[in-house]
Amino acid sequence: MVPEMAEVLAAGELTLRLLEPADHAELHAIFSDPRTHTIGSGPVRDAEETRQWLDRRRVRRTEHGVAWYAVRRPDGSMIGTAGLLIGRTEPHPEIGFEIRHQDQRRGFGTAAAMAVVAEAYRAGFEQVWATVRPWNVGSLRALDRVGFRPQRVERDEHGELICLLHRATVA
Ligand SMILES: CC(C)(COP(=O)(O)OP(=O)(O)OC[C@H]1O[C@@H](n2cnc3c(N)ncnc32)[C@H](O)[C@@H]1OP(=O)(O)O)[C@@H](O)C(=O)NCCC(=O)NCCS
């Protein structure tokens, strides 16, 4: 049976709400910001690419039960996204999260990731993984705070990737 993650999650002062087509403009502002979108192939220039990514989230939710959320402040502004994907760690989901540059290092990434992981288990996933480049100190630090622990290092065309598994009880 496909897990069913909730449409809305609370994370302290933040609200995580399932991404939808109407979020496109705010999402693209984050994806196209070179100070924020330092992962993958860098900032996304083409708004259509962001639209296709958004469309794929809906398909992945139907296929695998993985949800991806807009992270919003109490005033409604979108400061980032967080969610699950099925990829390198299939059949188990992998977390992805991004907080816009001007709101980083204020605990929001950690809070959003914690909410996504808790909801993943509630919905029925048994493990949550993360894959991170060794240079991504902010991500590694936030994931450590959430309870992820390194398991192995893989390599792809962009270099090394640290694979971390979430541990419910932090050692
Ligand atoms: C990874 C990311 C989501 C973290 O979000 P954030 O809101 O800045 O994270 P937090 O404020 O919760 O920070 C958690 C810890 O990491 C530290 N940290 C955050 N960014 C850091 C950086 N660039 N360098 C060093 N430490 C950093 C914080 O100081 C904090 O440390 P503490 O535990 O000692 O207090 C954010 O840096 C980001 O969006 N990066 C670009 C996208 C990305 O890399 N996503 C992850 C892909 S695997």
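Residues numbered from 1 in each chain as written. Predicted model: local features only at pLDDT ≥ 70, side-chain atom pairs only at ≥ 80, totals over all residues. Heavy atoms only, no water.

You'll find the chain entered in an unreviewed UniProt entry as GNAT family N-acetyltransferase, with Ruania alkalisoli given as the organism.

A. Representation of the site of the ligand. In the region of the ligand, 22 residues are neighbours, and Phe-97, Gly-107, Thr-110, Asn-136 and Arg-145 sit closest. Here an oxygen atom of the ligand and a backbone polar atom of Gly-107 are 2.7 Å apart. Arg-145 places a polar side-chain atom, nitrogen or oxygen, 3.1 Å from an oxygen atom of the ligand. Listed by contribution, the elements that provide at least two residues to the shell around the ligand are strand E5 (94–99), helix H3 (108–123), strand E6 (129–132) and helix H4 (137–146). Here the shell around the ligand takes six residues from H4, the largest share from any one element. (Near = heavy atom within 4 Å. Polar contact = N/O pair within 3.5 Å; in protein donor to acceptor, adjacent residues only side chain to side chain. Helix = DSSP H or I, 4+ residues; strand = E, 2+ residues; numbered from the N terminus.)

B. Seen up close, the pairing of strand E8 (residues 159–166). In terms of burial, E8 is a largely internal element, seven of the eight residues being buried. Pairing of E6 with E8, which is carried by four bridges, proceeds in the antiparallel orientation. Each bridged residue has a counterpart across the sheet, and for Val-132 the counterpart in E8 is Ile-162. Taking the residues between adjacent antiparallel strands as the criterion, strand E7 (residues 148–156) and E8 are bridged by two residues. (Buried < 20%, exposed > 50% of the residue type's maximum accessible area, 1.4 Å probe, protein only. Pairing = 2+ DSSP bridges.)

C. Quick peek at the packing of aromatic side chains. Tallied over the entire structure, the rule returns two aromatic pairs. An angle of 80° between the planes, with centres 4.9 Å apart, marks the rings of Phe-31 and Trp-53 as edge-to-face. In this pair, Phe-31 is assigned in helix H1 (residues 24–31) and Trp-53 in helix H2 (residues 47–64), connecting sequence segments 22 residues apart. Exposure remark for Phe-31: the relative accessible area of 6% places this residue in the buried category. Look at Trp-53 and you get buried, because its relative accessible area is 15%. For the pair Trp-53 and Trp-68, a centre-to-centre distance of 5.2 Å together with 80° between the ring planes defines the contact as edge-to-face. Separated by 15 residues along the polypeptide, Trp-53 in helix H2 and Trp-68 in strand E3 (residues 68–72) bring together distant segments of the chain. Take Trp-53 and Trp-68: they sit in the same class, and that class is buried. (Phe/Tyr/Trp six-rings, centres within 6.5 Å; stacked < 30°, edge-to-face > 60°.)

D. Seen up close, the pattern of salt bridges. Counted by the stated rule, this structure contains 18 salt bridges. The salt bridge partner of Glu-63 is Arg-60, with a shortest N-O separation of 3.9 Å. Taken together, the residues span about one helical turn, with Glu-63 and Arg-60 both in helix H2 at a distance of three residues. By relative accessible area, which is 44% here, Glu-63 ends up partly exposed. (Salt bridge = Lys/Arg side-chain N within 4 Å of Asp/Glu carboxyl O.)

E. Geometry of the UniProt feature "domain: N-acetyltransferase" (unreviewed entry) in the chain. Feature annotation in UniProt places "domain: N-acetyltransferase" (unreviewed entry) on residues 14–166, given in this structure's numbering. Regarding residues 14–166, the helix share stands at 34% and the strand share at 29%, and the terminal C-alpha atoms are separated by 22 Å. (UniProt positions renumbered as here; feature names shortened; annotations may be inferred.)

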